[in-house]
Amino acid sequence: RWAPRRPSEHPRAMSLMGKAALVVGGVGPIGRAITRGLLQGGADVIVNSRSEAKLEQLASDLGRPERLHLVHGSLLPSSVDLTVERVLAVATPTHVVAHSAVAWWGESGAEDETRTISVSRKGQSILDMERTIFSDNAGLLVDMHFGVAQQLIPKMRNLPGASYTFVTGTSAVLQRQISGLMRINAHHVSGLASALRAEARTRADDIFMSEVRIGHLPLRDLPSVSQLPDAKPLSSEIGMLCAGIAQAAERWPGPQAGGDTHSVESVEDLETLRGRFPVQEVPGEPLKILWHWQSMSSTGQAMPKFPTGED
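It should be emphasised that the depicted structure is a prediction, and the values quoted were computed from it without experimental measurement.

### Section: the sheet that holds strand 4 (residues 95-99)
What the seven strands build is an open sheet, ordered 3-2-1-4-5-6-7; its pairing is parallel. In this open sheet, the two strands that pair with only one neighbour each are strand 3 (68-72) and strand 7 (261-264). Averaged over neighbouring strand pairs, the angle between their axes works out to 15 degrees when direction is ignored. Direction of pairing for strand 6 (residues 208-214) relative to strand 7: parallel, over a ladder of four bridges. Paired with Arg213 across the two strands is Ser263, which belongs to strand 7.

Following this line, the structure appears as structure tokens:
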């Protein structure tokens, strides 16, 4: 089991030192960036996936940091209880970032939990779908997130400085061919986030409940943009924003009133939020920032992972 590090043991104690964080949906490019942000903020970070290969790739991409903890397990309804049990065997997370935009890489492999809802048949209308298929899958993604929230939020209510942040949005995905079911699922998760925030206010909850809603951010010509001075992928900035929100929760006196919906409709919106939620990073060499299309080779060199060149 994970043993928390005391902030006093470090000459420059970080806000998230000694705290555990869980990233739901952490093995894809966006989730990887969120995981990196929380690690840079000082947290021990837990990531789960049903794919051991993707967990291994995540660890490799991030340079196998000591504070990264991998849990093999699915969040499908039949498996979520066991997976959350495995997470809690590592630590009870003080911070959760629930990333729901898994459609951004949902086509990458059959082991993805969302493979069924991410596949789209060219030219087929959602109205051509059989009703049983629709009813079985229209709420699959939100069901997974609900299963995690239902079990973890009651356990987090007694943890000082706790936060639960949803990262939602589909606009960037709409520039690509995705299924209607995935779009419906993504909006369902945003609805769950809204309901939990409203409930937290009613309860005067101590959990800092937030939603980062990603809008129509531009896709980038990465081979050229990545060569510009000080250029960073938007995924990296989203990851650092999530870490900044978690650190803000550590400073929040409670009861909960600080969580909110943060809309990101432009790069300028993202920059403004990064200024509002700055991150105090751990000292030392920062973890490598990878673009959406990159992975790490066995030699530690950044290599193309996806042929599309999209961030």
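### Some words on a nonpolar patch on the surface
Taken together, the side chains of Ile126, Leu127 and Phe134 make up a nonpolar region of the molecular surface, amounting to roughly 300 Å² of accessible area. Relative to the assigned elements, Ile126 resides in the loop between helix 4 (115-118) and helix 5 (131-137).

### Topic: the environment of Ala186
Inspection of the secondary structure puts Ala186 in helix 7 (residues 180-203). Sequence separation between Ala186 and Leu141 is 45 residues, and the spatial gap between their C-alpha atoms is 7.3 Å.

### Quick notes on helix 10 (residues 267-276)
Leu270, Leu273 and Arg274 are the residues of helix 10 that are buried. For helix 10, the angular spread of buried residues about the axis comes to 105 degrees, placing them on one side. With respect to the buried face of helix 10, the exposed residues turned more than 90 degrees away are Glu271, Thr272, Gly275 and Arg276.

### Regarding the pairing of strand 5 (residues 163-168)
Counting buried residues along strand 5, six of its six residues qualify, which places the element largely inside the surrounding structure. Direction of pairing for strand 4 relative to strand 5: parallel, over a ladder of five bridges. Bridge assignment links Val96 to a residue of strand 5, and that residue is Tyr164. Where strand 5 lies against strand 6, six bridges are found, and the strand directions are parallel. Looking at strand 6, one finds that Ser163 is bridged to Phe208.

### Some points on the nonpolar core
If you look at the biggest cluster of nonpolar residues, it comprises 38 residues, and the most contacted ones within it are Ile34, Leu38, Val47 and Val167. Contributions of two or more residues to this core are made by strand 1 (20-24), helix 1 (29-40), strand 2 (44-49), helix 2 (52-61), strand 6, helix 9 (234-251) and helix 10. If you tally residues by element for this core, the top one is helix 9, at 10 residues. Excluding residues that lie within four positions of it along the chain, Ile34 makes contacts with Val23, Val97, His99, Val167, Gly239 and Cys242. Among the nonpolar cores identified, the runner-up in size contains 35 residues, and Leu140, Tyr164, Ala193 and Leu196 belong to it.

### Remarks on the packing of helix 6 (residues 140-156) against helix 7
Across the interface, helix 6 lies against helix 7 with an axial gap of 7 Å and an inter-helix angle of 25 degrees. Judged by the inter-axis angle, helix 6 sits roughly parallel to helix 7. Here helix 6 and helix 7 pass one another in a crossing that is right-handed. Within the contact between the two elements, helix 6 uses Leu140, Leu141, Val142, His145, Phe146, Ala149 and Ile153 and helix 7 uses Met182, Asn185, Ala186, His188, Val189, Leu192 and Leu196.

Procedures and definitions
- Residues numbered from 1 in each chain as written.
- Predicted model: local features only at pLDDT ≥ 70, side-chain atom pairs only at ≥ 80, totals over all residues.
- Heavy atoms only, no water.
- Pairing = 2+ DSSP bridges.
- Helix = DSSP H or I, 4+ residues; strand = E, 2+ residues; numbered from the N terminus.
- Axes fitted to C-alpha atoms, helices over the stretch in contact; angles between N-to-C directions.
- Patch = residues over 30% accessible without salt bridge, like charges linked within 9 Å, V, L, I, M, F, W, Y side chains within 5 Å.
- Areas by Shrake-Rupley, 256 points an atom, 1.4 Å probe, with all protein chains shown as cover.
- Salt bridge = Lys/Arg side-chain N within 4 Å of Asp/Glu carboxyl O.
- Buried < 20%, exposed > 50% of the residue type's maximum accessible area, 1.4 Å probe, protein only.
- Arc of directions from axis to C-beta.
- Core = buried A, V, L, I, M, F, W, Y, C linked by side-chain atoms within 4.5 Å.
- Contact = heavy atoms within 4.5 Å.
- Parallel < 35°, antiparallel > 145°, perpendicular 65-115°, else oblique.
- Left-handed = near helix turned anticlockwise from the far one by under 90°.

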